[in-house]
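# Fold and geometry: a report
These are the residues of each chain, in order.
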Amino acid sequence: MFPFKVAISVGDIGGPSAGLMFALGIIDKLTPANLTGGRFIAGTGEIEANGTVDPIGGIQQKMAGARAAGATIFLAPAANCANTVGAVPAGMRLIKVSSLAGAITDLNALKAGRPVPSC
């Protein structure tokens, strides 16, 4: 299906929820530009082969854990936005994403100070 294999060793972490962040991490390593612009960015979302970002479970806990670790930006699957209402930790900004390409566009817009979609 893909032209090469990528192996990621993450210890005792299971499930597909980190798919978006793994994909962004790989892209960040393979391209000269820094996707984060120096910000502490976290996120979640299962990713399909075509780049679609699917919803996940436990987004409220994932946001809280990310904020406790220091993240100030959180990439949230668009389909999970309803689950974030009233649960966004203080000091955290959500960016609504529906695709890998859109997440990259949003991160570049964020670095440039342009508006990005939010939940």
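Here goes a summary of the coordinates provided. (Residues numbered from 1 in each chain as written. Predicted model: local features only at pLDDT ≥ 70, side-chain atom pairs only at ≥ 80, totals over all residues. Heavy atoms only, no water.)

## Focus on helix H3 (residues 100-112)
For H3, spanning 13 residues, the distance from its first C-alpha to its last is 19 Å, which sits close to the expected 18 Å at 1.5 Å a residue. When we look at burial in H3, the residues that qualify are Leu100, Ala103, Asp106, Leu107, Ala109 and Leu110. Just downstream of H3, Gly113 is the residue with a positive phi angle, here 80°. (Helix = DSSP H or I, 4+ residues; strand = E, 2+ residues; numbered from the N terminus. Expected span 1.5 Å × (residues − 1). Buried < 20%, exposed > 50% of the residue type's maximum accessible area, 1.4 Å probe, protein only.)

## Here we look at helix H1 (residues 19-30)
A rise of 1.5 Å per residue sets the reference length of H1, with its 12 residues, at 16 Å; its end C-alpha atoms lie 17 Å apart and thus fit the reference within 8%. Along H1, the residues classified as buried are Gly19, Leu20, Ala23 and Leu24. Seen from one end, H1 has its buried residues packed into an arc of 130°, which puts them on one side. (Arc of directions from axis to C-beta.)

## Considerations on the sheet that holds strand S5 (residues 93-97)
In sheet architecture, strand pairing relies on hydrogen bonds along the backbone and comes in two forms, parallel and antiparallel. The 3 strands are arranged S1-S4-S5 in an open sheet whose pairing can be described as parallel. With partners counted over all chains shown, the strands left at the sheet margins are strand S1 (41-43) and S5, one partner each. In this sheet, adjacent strand axes meet at a mean angle of 25° when their direction is disregarded. The sheet contact formed by strand S4 (residues 73-77) and S5 spans 5 bridges and is parallel. Bridge assignment links Pro77 to a residue of S5, and that residue is Val97. Running at roughly 165° to S4, helix H2 (residues 59-68) makes contact with S1, S4 and S5 of the sheet. (Pairing = 2+ DSSP bridges. Axes fitted to C-alpha atoms, helices over the stretch in contact; angles between N-to-C directions. Contact = heavy atoms within 4.5 Å.)

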